[in-house]
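Summary of the model geometry
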Amino acid sequence: GAGVSQSPSNKVTEKGKDVELRCDPISGHTALYWYRQSLGQGLEFLIYFQGNSAPDKSGLPSDRFSAERTGGSVSTLTIQRTQQEDSAVYLCASRWTGDSTEAFFGQGTRLTVV
Amino acid sequence: AQSVTQLDSQVPVFEEAPVELRCNYSSSVSVYLFWYVQYPNQGLQLLLKYLSGSTLVKGINGFEAEFNKSQTSFHLRKPSVHISDTAEYFCAVSEAGTALIFGKGTTLSVSS
């Protein structure tokens, strides 16, 4: 596709359920990021994949959060046993190899935990 | 690890006034610096970036930013704002081989 695609765009889930959020990066982009955006907190870094290197998971807020990237392309962010404080917009971004390049963002998944 | 501080969470200005959105970063090595903008109900897009060379960087929509290594700052400026500049602005820093880290954002509100 032409841009970063995220699905679903909106997700409402009950507290305690598991959710999976999907990100399709721009073809050929080797770096992929997940961020969480909530009011007043800006873009909170969650996890960073770069090529075949081990991911930087330093931003994951708890062990309920995990992410994988299959075949160097599609990524899935999984939140287990969701809590109300997990409600936020989850953004995915991708960029070409190189830390000086522009990151392109998807439209995000708005997660609401009720 | 690198970090970013955006000193103002909200900046209200009148149309045609100048504006400066402040950003400070911390890093022990050379960095790349970015400003992204998020218009209401839209995704993030790149406004400008500093990689190396000239410390004054020009971006889209008349914005510019100046890299100041001694003050570890990368403030964003525009000499005359428009209503359409109302948006949230994010400063970001990247070091070689590490994640792209964002500040908490500054909401610019332009009124007539």
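To keep things clear, this report deals only with the structure shown in the data block. (Residues numbered from 1 in each chain as written. Chains lettered and ligands numbered in written order. Predicted model: local features only at pLDDT ≥ 70, side-chain atom pairs only at ≥ 80, totals over all residues. Heavy atoms only, no water.)

Concerning the environment of Phe63(B)
Turning to its location among the elements, Phe63(B) is positioned in the loop between β7 (56–58) and β8 (64–68). For Phe63(B), the residues in contact, after removing those within four places along its chain, are Leu47(B), Leu48(B), Val57(B), Lys58(B), Leu76(B), Arg77(B), Lys78(B), Asp85(B) and Tyr89(B). (Helix = DSSP H or I, 4+ residues; strand = E, 2+ residues; numbered from the N terminus. Contact = heavy atoms within 4.5 Å.)

Some points on the pairing of strand β1 (residues 3–6) of chain B
Residues and elements named next belong to chain B. Because side chains alternate across β1, one face comprises the buried residues Val4 and Gln6, and the other comprises Ser3 and Thr5, none of which is buried. Looking at chain direction, β1 and strand β4 (residues 23–26) are connected through four bridges and run antiparallel. Its bridge partner lying in β4, Thr5 is registered against Asn24. (Buried < 20%, exposed > 50% of the residue type's maximum accessible area, 1.4 Å probe, protein only. Pairing = 2+ DSSP bridges.)

A word on the packing of aromatic side chains
Under the definition given, this model contains 14 aromatic pairs over all chains. Here the aromatic rings of Tyr50(B) and Phe67(B) are separated by 4.3 Å at their centres, their planes lie at 20°, and the arrangement is stacked. With Tyr50(B) in strand β6 (residues 44–50) and Phe67(B) in strand β8, this residue pair connects regions lying 17 residues apart in the sequence. The burial state of Tyr50(B) is the same as that of Phe67(B); both residues are buried. These aromatic residues form a ring-pair network of at least three members: Tyr33(A), Tyr35(A), Phe45(A), Tyr48(A), Phe105(A), Phe34(B), Tyr36(B), Phe90(B) and Phe102(B). (Phe/Tyr/Trp six-rings, centres within 6.5 Å; stacked < 30°, edge-to-face > 60°.)

A few points about the interface of chain B and chain A
In this assembly, 23 residues from chain B lie in contact with 19 residues from chain A. Both sides of the chain B and chain A interface together cover about 1,500 Å² of buried area, and 57% of this is carbon and sulfur. Of all residues in chain B, the largest losses of buried area upon contact with chain A belong to Leu44(B), Leu100(B) and Lys104(B), amounting jointly to 29% of the total for that side. Linking chain B with chain A are zero salt bridges. Across the chain B-chain A interface, the total number found is three residue pairs in polar contact (both at pLDDT 80 or more). Breaking the side of chain B that touches chain A down by element, the ones donating at least two residues are β5 (31–38), β6, β10 (87–95) and β11 (100–102) of chain B. Here the side of chain B that touches chain A is composed, by residue class, of 12 nonpolar, seven polar and four charged. (Buried area = accessible area lost by both parts, 1.4 Å probe. Salt bridge = Lys/Arg side-chain N within 4 Å of Asp/Glu carboxyl O. Polar contact = N/O pair within 3.5 Å; in protein donor to acceptor, adjacent residues only side chain to side chain. Nonpolar A, V, L, I, M, F, W, Y, C, P; charged D, E, K, R; others polar.)

With respect to the pairing of strand β10 (residues 109–113) of chain A
Residue and element names in this part refer to chain A. Residue alternation in β10 divides its side chains into a buried set, Thr109, Leu111 and Val113, and an unburied set, Arg110 and Thr112. Note: strand β2 (residues 10–13) against β10, four bridges, orientation parallel. Of the residues in β10, the one forming a bridge with Thr13 is Val113. As paired elements, strand β8 (residues 88–95) and β10 share three bridges and run antiparallel to each other. Residue pairing across strands places Val89 opposite Arg110, the latter belonging to β10.

Some thoughts on the state of the cysteines
The tally for this structure, following the rule as stated, stands at two disulfides over all chains. Paired through a disulfide, Cys23(A) and Cys92(A) show a sulfur-sulfur distance of 1.9 Å. Linking Cys23(A) and Cys92(A), the disulfide has an S-S dihedral of approximately -65° and is accordingly described as left-handed. Note that Cys23(A) is positioned in strand β3 (residues 19–24) and Cys92(A) in strand β8, a separation of 69 residues in sequence. The pair formed by Cys23(A) and Cys92(A) is uniform in burial state, with each residue classed as buried. In this model Cys23(B) forms its disulfide with Cys91(B); the gap between the sulfur atoms is 2.0 Å. Since a negative S-S torsion denotes a left-handed disulfide, the Cys23(B)-Cys91(B) link at about -70° is left-handed. (Disulfide = S-S within 2.5 Å.)

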